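# Summary of structural features
So you can see what is in the structure, the chains are spelled out below.
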Amino acid sequence: MEQTITAIDANVLSFEGFRQQVLNDFKLTVISREASLLGRREVLTGKAKFGIFGDGKELAQVAMARYFKEGDFRSGYYRDQTFMFAAGLATLEEFFSQLYADPNIEHDPFSAGRQMVSHFATPNVDEAGNWLDLANRKNVSSDIAPTAGQMPRSLGLAFASKCFREIPVLQSYKHLSKHGNEICFCTIGDAATSEGSFWETINAAGVLQVPLAIFVWDDGYGISVPRDYQTTKGSISTALQGLQKDEHTNGIHIYKVKAWDYAGMCEVFEAALQKVRETHTPALFHVEEVTQPQGHSTSGSHERYKSPERLVWEREWDCIKKFKEWIVLSELATEDELNKITQEAKLLVKEAKAKAWEKLMQPIKQQVQQTAELLTTMVVNDMDVYRTIQEKVKELQTNVEPLRRDVLHTLHTAMELAPASPSIEMIQQYHHSLLQEAKQLYNTHLYNEGPASALKVEAVKPLIPFDAPLINGYEILNKYFDALFTHQPLVVAFGEDVGNIGDVNQGFAGLQAKHGSSRIFDTGIRELTIMGQAIGLALRGLRPIAEIQYIDYLLYGLQTLSDDAATTHYRTFGRQSCPVIVRTRGHRLEGIWHSGSPMGMIIHALRGFYVCVPRNMVHAAGMYNTLLRGNDPGIVIECLNGYRLKEKLPANLLDFTIPLGIPDVIRHGDDVTIVSYGSTLRIVEEAAERLAKLEISCEVIDVQTLLPFDIHHSIVASLKKTNRILFVDEDVPGGAAAYMYNHVMEEQGGYRWVDVAPRTLTAKAHRPAYGSDGDYFSKPNTEDVVDIVLAMMRE
C-alpha cells in the first residue's frame, strides 16, 4: 500500500499515470471504509472489545498522505487509519490485530495489543536503545486517546525541526534531521479543539513559528453534542482568525477545505504544506463537511442524536460517493471499473481480517489443547471433583473464542479443587509458565530494560579535592550546566525565566549568552506545552531539560507527562523512548503556592518516570548525569531552600553519577532508623543531633529516589539493626511517607523486625500557611521528630 508522494496534476504526470494514481487512491478509500465496517461488526459480535474508526475521513487522509515525506512525523488521534494505509505505515492485518488486542508485537507492531485500534506508532530506537535513522523514514509518534492529548507533543515534534535548523552544533546529526525540513502532521477532531491544550498549543506554535500542520476533521458533532455548543461562531477557522499570520506578524496560516473535494484538497495541501516546510510557519487546515457513516463509536448509534435530514445529507455527501462521481465525471474510469475495484477491496479486507484472527487464536488454541490434555489425564480420587474438572475442560474446549484468561481460570480451578492430586505438580508448572509468558506480554517495558536503562548506569562517586571551593548550591549547578552544554550538543534547556536571567535561582545564569539562545531559552507561561515541547524533542533524539519553575505548577503540565511521556515506552512495547528530563524545585519555602511537596501525586501519576529527590545540588547534578545516560523520562526535584547553602565543588562534574533506587545512609546509628529525602533531611539531621545528646542513636537514610525505591532493600537491613523506624516527609498524610512505609513494611517484609509500631511523620493535610511560623506549624519540624522518636523509645 505504498503511496507515491506527488502532486495531483495531470499536466505533470502522463494521463495514464495520473489515472492510476487516482484509482489507487479510490481503492485505498474503499479498503479503509470496509475495514471500518467490518471492525464495527467484530465489536458487535464480541470478537473485539471496542472500536472508533476513521469512516468519513478517508478522502482527506489520502490527500494529506501524499505530502507526508521521509523525516516527517505524524502526531494524531484514533481516526487516522486511512492516512496510515496511504502512507504505507500500516497493513490491514496489523489494523485488525490491534482491534483484536493481539499481544504479539510482530502482529501488532504499534502497541503489541496494549492500545485500542488505530493507535499507531513507528519505532524511534532499536532494541539496544540507539536512535534510528529518523530523517530517512516516515515517523509516527505513539497515539494516545485523551482528547486533544496529542497537541502538546505535536508542538515539540515541530519545534525539534526549528532546533535542528537553527542550532549549529546539531547540523552533524544527519540521521535525526535534514536541516530541520520536517513537518509534524497533527490531526484532531473538531470538538476536541475546545480543549485548553489545543488553544495553548496553537498560541505557542504561532509565537515560536514551527512547522506544525494541524488537520481538523469537522463532522459537526462532539459525540452527540453539535458544533454550535462546542466552538465560538460554530467554526474553529473563524474563531482563530485573530491568529492569522500576515507579513508584519507571527501567527498561523488558516485554510478551509471540503472533505469530499479530492482535487481541491490536493491543490491546497500541496502548496500550503510546502510553505510550512520552507518557512516554518504553522498551518491549520479546517476540513469541513466530514461525514460519520457509523457514528462516533461502537458504543451507540448516531441515529439517536442526528436528525433525519442530517442523516440524508451525510449519505449524499459521503466522501467516497462524491469521489466516485468525480472520477466518472472526469472520465478517469467507468462506474463498472470502480465497482470492480470496490469488490476487490472488500475481498482484501475480509481476507486480512480472517488472517489476523487466526494469528491471534493459534497460540491460545494450543494452550487450550495442552490444558485439556493435562486435566483430562489428571488423577483425582474424588469422582465428583473429577467430573467438575472435566466439565470445566469441556466448557473451555467448546468456547469458540477462548482467551488466555479462560485457560488460566480453568487450570486454577483444577488446582483449587484437587490440590493433593499426584498430577498437581505438572499442572502447577504449566500454569506458572503461562503466567510468566503473560507477564512478558502484558507487564514489561514500563522502563527501558536493555542497555539504555538508567538503572544500569554504574555509580561513580563525586571527586572532592582537599582544596575544593565551598560555594553556593546554585553555583554548583551553574558550573555543572556550563560543562554539560559545552560537551553535550544534544542537550537543550528551557522554561519560564530560564534564558535571559538564567532561571529564578540562577542555575543557568550567564549560560544563554555563552551557549546561545537556541539552546537555553525562555518560554511563555504555559506549563502544559513546555512539557509538550520537551516530549517532542525527546522523541526526535534530543535531550531536553524542561523546567517547571515551582513544583506547585506541575499540575498544569501533569496531564501530558502522565498520559503521554510516562506511558510511551510501555504502550509501544519498548519501540519508542521519550527521555525527557523535567527540572523543578519544591519543598519548604513560603506559603500555599511556593512550598509544594506533592510527591504522592507525582509517584502515582508518573509511573514510567524516574522520580529523583536530591538533598543538595551536588546530588542533583549526579542525578542529571545518570538520567542523561539512559533513555527513560525523569523528574529532578531540587530543594528550593538549598540554593544558597554551601557545598564543595566536585572535580568530575560530568562523570560522577548517583545510582537510582539506592538509598544513602548519611548518619549511622543503632536505636532508630529515620527515612526521608530532600529538604526534610536537614530537619531530621538536626533532630538526630539533639537526640544524640539524650543518648539516642539515630540512623538517618536518604532514599534519594522515590521511583525506583530502595531496589536492594537496604532500609530493611538498617531496620534489622535498630528495630524501630520512622518515615518523615512533607507531603500530605497518606502520601509519599505512606508509599515508603508500604514498600519497607509490606513488600520488603520489614514488619518482621520491628519492636514498636512503625511511624510516619508528614505535613498537615492543608497547604502550608505563609511565613516562617506557617512553615513550622504546617510541616514537620525538629521538635516533631524528637518527640516521636522519644515516644518510640519509651514503648
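What you see is a predicted model; the values in this text were computed from it and never measured.

Reading the values: rules and limits
- Residues numbered from 1 in each chain as written.
- Predicted model: local features only at pLDDT ≥ 70, side-chain atom pairs only at ≥ 80, totals over all residues.
- Heavy atoms only, no water.
- Helix = DSSP H or I, 4+ residues; strand = E, 2+ residues; numbered from the N terminus.
- Rg over C-alpha atoms; globule rule 2.2 N^0.38 Å.
- Buried < 20%, exposed > 50% of the residue type's maximum accessible area, 1.4 Å probe, protein only.
- Areas by Shrake-Rupley, 256 points an atom, 1.4 Å probe, with all protein chains shown as cover.
- Lys, Arg positive; Asp, Glu negative; His and termini not counted.
- Charge placed at Lys NZ, Arg CZ, Asp CG, Glu CD.
- Salt bridge = Lys/Arg side-chain N within 4 Å of Asp/Glu carboxyl O.
- Pairing = 2+ DSSP bridges.
- Right-handed = clockwise from strand over helix to strand, strands pointing away.
- Phe/Tyr/Trp six-rings, centres within 6.5 Å; stacked < 30°, edge-to-face > 60°.
- Lys NZ or Arg CZ within 6 Å of the ring centre and 35° of its normal.
- Arc of directions from axis to C-beta.
- Contact = heavy atoms within 4.5 Å.
- Axes fitted to C-alpha atoms, helices over the stretch in contact; angles between N-to-C directions.
- Parallel < 35°, antiparallel > 145°, perpendicular 65-115°, else oblique.
- Left-handed = near helix turned anticlockwise from the far one by under 90°.
- Polar contact = N/O pair within 3.5 Å; in protein donor to acceptor, adjacent residues only side chain to side chain.

A few words now on the overall build of the protein. What the protein contains, in helices and strands, is 26 helices and 22 strands. For the protein, the C-alpha radius of gyration of 30 Å lies close to 28 Å, the compact-globule estimate for 795 residues. The principal-axis extent of the C-alpha atoms belonging to the protein is close to 100 × 90 × 45 Å. Counting over 795 residues, the protein shows a buried share of 61%. Carbon and sulfur atoms make up 53% of the accessible area of the protein, which totals about 31300 Å². Across the protein, 79 positive and 100 negative side-chain charges occur, with their mean positions spaced 1 Å apart.

Another aspect to go through is the pattern of salt bridges. Applying the stated criterion across every chain yields a total of 41 salt bridges. E314 is the partner of K306 in a salt bridge, and the nearest nitrogen-oxygen pair spans 2.9 Å. In this structure, K306 and E314 share a single accessibility class: buried. In this structure, a network of salt bridges that share partners links the residues D503, E547, R583, R585 and E638.

So, about the pairing of strand β15 (residues 634-639). Successive side chains on a regular strand alternate, one facing one side of the sheet and the next facing the other. Within β15, six of the six residues are buried, which leaves it mostly tucked inside the rest of the structure. Covered by surrounding structure in β15 are G634, V636 and E638 together with I635, I637 and C639, the residues of both alternating faces. Direction of pairing for strand β13 (residues 581-586) relative to β15: parallel, over a ladder of six bridges. Its bridge partner lying in β15, T584 is registered against I637. In this structure, strand β14 (residues 610-612) lies alongside β15, joined through three bridges in parallel fashion. Each bridged residue has a counterpart across the sheet, and for C612 the counterpart in β15 is V636. Read as a crossover between parallel neighbours, the route from β14 over helix α21 (residues 617-628) to β15 is right-handed.

This model, assessed by the stated rule, comprises 34 aromatic pairs. Where Y480 meets Y624, the ring centres are 6.2 Å apart and the plane angle is 15°; that geometry is what we call stacked. On the criterion of sequence distance, the pair formed by Y480 in helix α15 (residues 473-487) and Y624 in helix α21 is long-range, its members being 144 residues apart. For the pair formed by Y480 and Y624, the shared burial category is buried. When the ring centre of W357 is taken as origin, the NZ or CZ atom of K47, which lies over that ring, is 4.6 Å away. A cation sits over an aromatic face here: K322 above W317, 4.1 Å from the ring centre.

Three or four residues apart is the spacing at which side chains of an α-helix point the same way, because the helix has 3.6 residues per turn. When helix α23 (residues 714-722) is considered as a whole, its buried residues turn out to be I715, V716, S718, L719 and T722. The arc that holds the buried residues of α23, viewed along the axis, is 155°, so those residues lie on one side. Of the surrounding elements, those touching the buried residues of α23 are β18 (672-676), β19 (698-702), β21 (725-728) and α24 (736-747). Immediately beyond the C-terminal end of α23, within one or two residues, lies N723, with a positive phi of roughly 65°.

As a further point, take the packing of helix α11 (residues 335-376) against helix α14 (residues 424-442). It is at 10 Å that the axes of α11 and α14 come closest, and there the two elements cross at 165°. One finds that α11 runs roughly antiparallel with respect to α14. The interaxial crossing formed by α11 with α14 has left-handed handedness. Between α11 and α14, the residues in contact are Q366, Q367, Q370, T371, L374 and L375 and M426, I427, Y430, L434 and E437, respectively.

Bringing the sheet that holds strand β12 (residues 543-548) into the picture now. Spatially, β11-β10-β12-β13-β15-β14-β20 is the arrangement adopted by the seven strands of the open sheet, whose pairing is mixed. Each edge of the open sheet is held by one strand with a lone partner, namely β11 (520-522) and β20 (705-707). Looking at each pair of strands side by side, their axes are set apart by 20° on average, direction ignored. Bridge count for β12 against β13 is four bridges, and the pairing is parallel. When the bridges of β13 are listed, A546 appears paired with V582. Strands β10 (491-495), β11, β12, β13 and β15 of the sheet are contacted by α15, whose axis makes an angle of about 135° with β10.

Let us now look at the side chain of N652. Relative to the helices and strands, N652 resides in the loop between β16 (646-648) and β17 (664-667). Here the side chain of N652 touches K461 through a polar contact of 3.1 Å, landing on its backbone oxygen. At a separation of 2.8 Å, a polar atom in the side chain of N652 contacts the main-chain amide nitrogen of L463. For N652, the contacting residues outside a window of four places in its chain are V460, K461, P462 and L463.

Before going further, it helps to examine the sheet that holds strand β22 (residues 759-761). Sheet strands pair by backbone hydrogen bonding; their relative direction is either parallel or antiparallel. In spatial order, the strands read β17-β19-β18-β21-β22; together these five strands make up an open sheet with mixed pairing. The open sheet has two edge strands, β17 and β22, and neither has a second partner. Across the sheet, the axes of successive neighbouring strands diverge by a mean angle of 25°, strand direction being ignored. The pairing of β21 with β22 spans three bridges and is parallel. The residue of β22 that forms the bridge with F727 is T760. Contacts between helix α22 (residues 680-693) and the sheet are confined to β17, β18, β19 and β21, with β19 contributing the most and set at about 170° to the helix. This element, α23, spans β18, β19 and β21 of the sheet and lies at about 155° to β18.

In this structure, Y442 sits in helix α14. Judged by its relative accessible area of 34%, Y442 falls in the partly exposed class. When the C-alpha atoms of Y442 and P103 are compared, they prove to be 7.4 Å apart, with 339 residues separating the residues in sequence. Discounting residues that sit within four places of it in the chain, Y442 has contacts with P103, R114, R404 and Y570.

Shape is all these values report; function is a separate question.
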